Amino acid sequence: KAERVAAAEVFDDCRAVVLYLTASWCPPCRKFSPQLAAAVRDTSVKVVMLSADRSEDEFKAYLAQYPEFFAVQYTSEARQALQRMMGASMMPTAHVYNADTGAI
């Protein structure tokens, strides 16, 4: 079961943050997500999943497959704002940010 954690707790020791736009219904996303999860496992890189799933249940089921990922709540306006900020026209899309400087 997913639990809420404070952002400061999550990002305290990380070197990079990946904003990851994905969806369970997207075949390229289903192929890339396990690769991304394996790449960040046991590193100081944190992945924040921004779901484009069609329902909160789809989102929760997809996120449950990847304990390496954190996520913005499905119902949060911040999720939609971050998706707009990324300006992604396709999925999957991953933007990597330096955790210290915010540089992309």
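The text that follows walks through the structure, step by step, so that each part is easy to find. Not measured: the values here are computed from a predicted model.

## Some thoughts on the overall build of the chain
Here comes step 1: Scanning the chain from terminus to terminus reveals 4 helices and 4 strands.
Here comes step 2: In summary, the chain has a C-alpha radius of gyration of 13 Å against a globular reference of 13 Å for 104 residues, a match within 12%.
Here comes step 3: Each principal axis of the C-alpha atoms in the chain carries an extent, and together these give about 35 × 30 × 25 Å.
Here comes step 4: Counting only residues that meet the buried cut, the chain has 38% of its 104 residues in that class.
Here comes step 5: Partitioning the contacts of the chain with sequence separation of at least 6, the portion at a separation of at least 24 is 68%.
Here comes step 6: Counting only carbon and sulfur atoms, one obtains 52% of the accessible surface of the chain, whose full area is about 6500 Å².
Here comes step 7: One finds the centroid of the 11 positive side-chain charges in the chain at a distance of 6 Å from the centroid of its 12 negative side-chain charges.

## Here we look at the side chain of Thr93
Here comes step 1: In this structure, Thr93 sits in strand 4 (residues 93-98).
Here comes step 2: A polar contact of 2.5 Å, which involves the side chain of Thr93, links it to the backbone oxygen of Met90.
Here comes step 3: Residue contacts for Thr93: discarding those within four places in its chain leaves Leu19, Tyr20, Leu21, Met86 and Ala88.

## Description of the pattern of salt bridges
Here comes step 1: In the structure shown here, the tally under the stated rule is 3 salt bridges.
Here comes step 2: The partner of Arg41 in a salt bridge is Glu68, and the shortest N-O contact between them spans 2.7 Å. Separated by 27 residues along the polypeptide, Arg41 in the loop between helix 2 (27-40) and strand 2 (45-51) and Glu68 in the loop between helix 3 (56-64) and strand 3 (69-71) bring together distant segments of the chain.
Here comes step 3: Note on Glu68: relative accessible area 19%, which makes it buried.
Here comes step 4: One salt bridge in this structure joins Lys60 and Glu56, with 3.6 Å as the shortest N-O distance. Here Lys60 pairs with Glu56, and both are found in helix 3, just 4 residues apart, close to one helical turn.

Each value, and the rule that gives it
- Residues numbered from 1 in each chain as written.
- Predicted model: local features only at pLDDT ≥ 70, side-chain atom pairs only at ≥ 80, totals over all residues.
- Heavy atoms only, no water.
- Helix = DSSP H or I, 4+ residues; strand = E, 2+ residues; numbered from the N terminus.
- Rg over C-alpha atoms; globule rule 2.2 N^0.38 Å.
- Buried < 20%, exposed > 50% of the residue type's maximum accessible area, 1.4 Å probe, protein only.
- Contact = heavy atoms within 4.5 Å.
- Areas by Shrake-Rupley, 256 points an atom, 1.4 Å probe, with all protein chains shown as cover.
- Lys, Arg positive; Asp, Glu negative; His and termini not counted.
- Charge placed at Lys NZ, Arg CZ, Asp CG, Glu CD.
- Polar contact = N/O pair within 3.5 Å; in protein donor to acceptor, adjacent residues only side chain to side chain.
- Salt bridge = Lys/Arg side-chain N within 4 Å of Asp/Glu carboxyl O.

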